[in-house]
Amino acid sequence: MEEQYLLLVYVLPPKMSKLEEKAIKLLLKYENRGLLQSELWHKLGVTSREGSRIAIKLEKKGVVKRVKEFAKDRWTRRLVPLIKQVTLEPIKGAPCPSCIYNNVCGKQGTVSPNTCLWIEEWVTSSTSSKSLEKT
Ligand code: SF4
């Protein structure tokens, strides 16, 4: 069986202006539904011209898609976020970030997570505490 490793991927968000950040934070609250662009402009307190510029920039950065939609008697765009908010909660308390073997642990390393008692203990304790939360 092929070895499996916990892979931590760090995705750096594209550089954004304050208004773009504010827009994407607002959009993230609506997840897959998104917002009509006029609703977003209203919530941001910007003009439609300024708002359109923000939407186009966010689309170019790949963080939203602009979907054509007929709403309120005219064609407009719905802005739907293409990114999701993530939390570090699932890996909270994992032993790897502070482990002294971290730099030699892995597929090519001298230490394997497959035989690591610390990771086994952490996985076991986190899954058993999640089971307890459900009951
Ligand atoms: S030895 Fe264990 S705790 Fe340390 S980095 Fe590897 S898997 Fe994580």
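Report on the accompanying structure. (Residues numbered from 1 in each chain as written. Predicted model: local features only at pLDDT ≥ 70, side-chain atom pairs only at ≥ 80, totals over all residues. Heavy atoms only, no water.)

**Some details on the overall build of the chain**
When you go through the chain residue by residue, the secondary structure sums to four helices and three strands. Element order for the chain, N to C, with α for helix and β for strand: α-β-α-α-β-β-α. Of all 135 residues assigned to the chain, the portion counted as buried reaches 26%. A fraction of 53% describes how many contacts in the chain between residues 6 or more apart in sequence connect residues 24 or more apart. Of the roughly 10,800 Å² that the chain leaves accessible, carbon and sulfur atoms contribute 56%. (Helix = DSSP H or I, 4+ residues; strand = E, 2+ residues; numbered from the N terminus. Buried < 20%, exposed > 50% of the residue type's maximum accessible area, 1.4 Å probe, protein only. Contact = heavy atoms within 4.5 Å. Areas by Shrake-Rupley, 256 points an atom, 1.4 Å probe, with all protein chains shown as cover.)

**Focus on the site of the ligand**
With respect to spatial proximity, the complete set of residues near the ligand consists of Pro 95, Cys 96, Cys 99, Asn 102, Cys 105, Val 111, Pro 113, Cys 116 and Trp 118. For the shell around the ligand, the per-class residue count stands at eight nonpolar, one polar and no charged. (Near = heavy atom within 4 Å. Nonpolar A, V, L, I, M, F, W, Y, C, P; charged D, E, K, R; others polar.)

**Some points on the environment of Trp 75**
Looking at where Trp 75 falls in the secondary structure, it is placed in strand 3 (residues 74-81). Of the residues examined, Trp 75 reaches a relative accessible area of 53% and is grouped as exposed. With sequence-adjacent residues up to four places away left out, Trp 75 is seen in contact with Lys 68, Glu 69 and Phe 70.

**Notes on the sheet that holds strand 1 (residues 35-36)**
Neighbouring strands of a sheet are bound in pairs by backbone hydrogen bonds; such pairs are parallel or else antiparallel. With respect to topology, three strands assemble into an open sheet ordered 1-3-2, the strand pairing being antiparallel. Only two strands of the sheet have a single partner each, and these edge strands are strand 1 and strand 2 (64-71). Bridge analysis of strand 1 against strand 3 gives two bridges, and the strand direction is antiparallel. If you follow Leu 35 over to strand 3, its bridge partner there is Leu 79. Along the sheet face, helix 3 (residues 48-60) touches strand 2 and strand 3 and points at about 130° away from the line of strand 2. (Pairing = 2+ DSSP bridges. Axes fitted to C-alpha atoms, helices over the stretch in contact; angles between N-to-C directions.)

**Topic: the environment of Leu 19**
With respect to the element layout, Leu 19 can be found in helix 1 (residues 18-29). For Leu 19, a relative accessible area of 25% corresponds to the partly exposed category. Each C-alpha atom, one on Leu 19 and one on Gly 51, is 9.2 Å from the other, the two residues being 32 residues apart in sequence. Ignoring sequence-local partners within four residues, the contact set of Leu 19 consists of Leu 44, Val 46, Glu 50 and Ile 54.

**Focus: the pattern of salt bridges**
Summed over the entire model, instances satisfying the criterion amount to four salt bridges. Of the charged contacts, one joins Arg 78 and Glu 69 as a salt bridge, the two residues approaching to 2.6 Å between their closest N and O atoms. On the basis of relative accessible area, Arg 78 is assigned to the buried category, the value being 19%. With a relative accessible area of 23%, Glu 69 lands in the partly exposed category. Here Glu 89 and Lys 92 are joined by a salt bridge, their closest N and O atoms 3.8 Å apart. The same class applies to Glu 89 as to Lys 92, namely exposed. (Salt bridge = Lys/Arg side-chain N within 4 Å of Asp/Glu carboxyl O.)

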